[in-house]
Amino acid sequence: MNLFKKLLFGCAASAMLLATSCATNGKAQQGNTQQSFPEEKLGWKLGAQAYTFRMFSFADALNKIDSAGLRFVEAFPGQTIGAGSTEKMTYELSKEGRDLVKKLLNDKKITLHAYGVVGAKDAEEWDKVFAFAKDMGVKVINCEPKEEMLDVVSNLADKYDILVGIHNHPTPSIYWNPDVVLKALNGRSKRMGATADVGHWMRSGLNPIDCLKKLEGRIVHLHFKDLNEFGNKKAHDVPWGTGKLGLKEVQAELKRQNFKGMFSAEYEYNWENNMPEVKESAQNFRTAL
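Residues numbered from 1 in each chain as written. Predicted model: local features only at pLDDT ≥ 70, side-chain atom pairs only at ≥ 80, totals over all residues. Heavy atoms only, no water.

### Considering the overall build of the protein
Keep this limit in mind: Each helix corresponds to a stretch of at least 4 residues labelled H or I by DSSP, and each strand to a stretch of at least 2 residues labelled E; elements are numbered beginning at the N terminus. Here, residues are in contact when the closest pair of their heavy atoms is within 4.5 Å. To measure how exposed things are, a 1.4 Å probe is used in the Shrake-Rupley method; for residues, cover is taken only from the protein chains shown.
Secondary structure assignment for the protein yields 10 helices and 10 strands. For the protein, long-range pairs separated by at least 24 residues make up 71% of all intrachain contacts whose partners lie at least 6 apart in sequence. Accessible area for the protein stands at about 14,200 Å²; split by element, carbon and sulfur atoms hold 53% of it.

### Comments concerning the pattern of salt bridges
To be explicit about the condition: Salt bridges are defined as contacts in which a side-chain nitrogen from Lys or Arg sits within 4 Å of a carboxyl oxygen from Asp or Glu. Buried residues are those whose accessible area, probed at 1.4 Å on protein chains only, stays under 20% of the maximum for their type, while exposed residues exceed 50% and partly exposed ones sit between those limits.
In total, this model carries 19 salt bridges according to the counting rule given. In this structure, the salt-bridge partner of Lys-121 is Glu-125, at a minimum N-O distance of 3.6 Å. On the basis of relative accessibility, which here comes to 62%, the residue Lys-121 falls in the exposed class. On the basis of relative accessible area, Glu-125 is assigned to the buried category, the value being 15%. A salt bridge links Arg-203 to Asp-237, with the nearest nitrogen and oxygen atoms 3.8 Å apart. In this pair, Arg-203 is assigned in helix α7 (residues 198-203) and Asp-237 in the loop between β9 (219-224) and α9 (247-256), connecting sequence segments 34 residues apart. Both residues of the pair, Arg-203 and Asp-237, belong to the buried class. Put simply, Arg-98, Lys-102 and Asp-135 are held in one network by salt bridges that share partners.

### Focus on helix α3 (residues 95-108)
The line we're drawing: Here the expected span of a helix is defined as 1.5 Å times the quantity of residues minus one. What the arc describes is the spread of directions from the helix axis to the C-beta atoms.
Here α3 is 14 residues long and its end C-alpha atoms lie 20 Å apart, about the 20 Å a rise of 1.5 Å per residue gives. Along α3, the residues classified as buried are Gly-97, Arg-98, Val-101, Leu-104 and Leu-105. Each buried residue of α3 sits inside an arc of 120° when the element is viewed along its axis, so together they form one side. Every exposed residue of α3 that faces more than 90 degrees away from the buried side is listed here: Lys-95 and Glu-96. Turning to α3, the residues buried within the fold contact α2 (58-67), β2 (72-75), β3 (80-82), β4 (85-88), β5 (111-118) and α4 (123-135). Among the residues trailing α3, Lys-109 stands out with phi positive, at a value near 55°.

### Let's talk about the sheet that holds strand β7 (residues 163-167)
Stated precisely, the cut-off is as follows: The criterion for strand pairing is that DSSP finds at least two bridges linking the strands in question. A fitted line through C-alpha atoms serves as each axis, taken over the contacting stretch for helices, and the angle formed by two N-to-C directions is quoted from 0 to 180°.
As summarised here, the arrangement of the 8 strands in space is β1-β2-β5-β6-β7-β8-β9-β10, forming a closed barrel in which the pairing is parallel. Recorded for the sheet is a direction-independent mean angle of 30° between the axes of neighbouring strands. Along the sheet face, α2 touches β1 (44-49) and β2 and points at about 150° away from the line of β2.

### Points about unusual backbone geometry
Here the bond from Gly-116 into Val-117 is cis, since omega is -5°, no more than 30 degrees from zero. Assignment of secondary structure puts Val-117 in strand β5. For the bond from Thr-171 to Pro-172, the omega torsion is 10°, close enough to zero to count as cis. Following the sequence through the fold, Pro-172 ends up in the loop between β7 and α6 (178-185). With a phi angle near 60°, Asn-258 is a residue other than glycine that sits in the positive phi range. Note that Asn-258 resides in the loop between α9 and β10 (261-265).

### Quick notes on the nonpolar core
What counts, and what does not: We call a set of buried residues a nonpolar core when its members are Ala, Val, Leu, Ile, Met, Phe, Trp, Tyr or Cys and they connect through side-chain atoms within 4.5 Å of each other.
Residues Phe-130, Leu-222 and Phe-224 are the most contacted members of the largest nonpolar core, which totals 76 residues. If we ignore the near neighbours within four places in the chain, the residues touching Phe-224 are Val-198, Trp-240, Leu-245, Leu-247, Val-250, Phe-263, Ser-264, Ala-265, Glu-266 and Phe-285.

### Side note on the side chain of Gln-49
Here is the rule we go by: Polar contacts, as counted here, are pairs of nitrogen or oxygen atoms within 3.5 Å of one another; within protein the pair requires one atom able to donate a hydrogen and one able to accept it, and residues that are adjacent in sequence qualify only if both atoms are side-chain atoms.
Inspection of the secondary structure assignment puts Gln-49 in strand β1. Here Gly-116 takes part through its backbone oxygen, which lies 3.1 Å from a polar atom of the side chain of Gln-49. With sequence-adjacent residues up to four places away left out, Gln-49 is seen in contact with Glu-74, Ala-75, Phe-76, Gly-116, Val-117, His-223, Ser-264, Ala-265 and Glu-266.

### Describing the confidence of the model for the protein
What counts here: What pLDDT reports is the predictor's confidence in each residue, on a scale of 0 through 100.
In this model, the protein carries an average pLDDT of 91, and 88% of its residues clear a pLDDT of 70 or more. Across residues 3-35 the pLDDT falls below 50, and counting only partners more than four positions away or on other chains, this stretch makes 0 contacts in the model.

### Some details on α6
Listing the buried residues of α6 in full gives Pro-178, Val-181, Ala-184 and Leu-185. All buried residues of α6 fall inside an arc of 115° around its axis, so they share one side. Looking at the packing, one finds that the buried side of α6 touches α5 (150-160), β7, β8 (192-197), α7 and α8 (208-214). The backbone nitrogen of Asp-179 lies 2.9 Å from a side-chain oxygen of the residue at the head of α6, namely Asn-177. Positive backbone phi, at 80°, marks Gly-187, one or two positions downstream of α6.

### Quick notes on the pairing of β4
As judged from the 2 bridges shared by β3 and β4, these two strands associate in the antiparallel manner. Each residue of the ladder has a partner; that of Gly-82, found in β4, is Ser-85.

Right, dumping it as structure tokens:
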């Protein structure tokens, strides 16, 4: 009887140790997962603009985004869907095509957060763009509207409850300077803001920190880049933190502004094999935090 009790006690003790070990390992794994995405604590969403992988289909882009350790995507108009579909990522995408895109996103656990940079010729076409974005669950439309379309876009932002980010290409594009963006936003929907492309500011010879400060409170999205040169339109992308941007300083300014939103990695270099550089950029970004 005493031997039986000893055996029973030993089994119970072993079971408790095993349960404690499993619980500890589970917490450690959970902690590692949380540490893998430190940007989430700031309300930041780190992802990629699918244009980074424009030489591939949207399905292939999702695979690359997943491999780079990112969980959000900004789709761009005109990219072939892939995975058996030859349709394009536009408002003309069929129901079958839209269902396929949603399935691809769900399979990879990647969120379609933004869409752009998109344009339209008139109010009717702009409405179709917004309706498409709403159906796909898009939260931010990035665009560069003509001046006569600004009120139309403003009204549609309210109608569809979607944020609109006015994007800046380099000079001499319309919105290259944040002062022009602020003028366009004046008196319009609170859902309209700026999509800050820090790389294009650098190409235009504008200090990204100064530009971010001018747009404080109006930034809804970022196109994120680091470049090998400042003030040169032909400068090319390099992994974040290795170029002229000042990664930590930009992060600090956005923290100060209490920015909430998505960073789209828009890596426009080494087009055929830039996923490793995007992955390195994401790692550098998270390490800097």
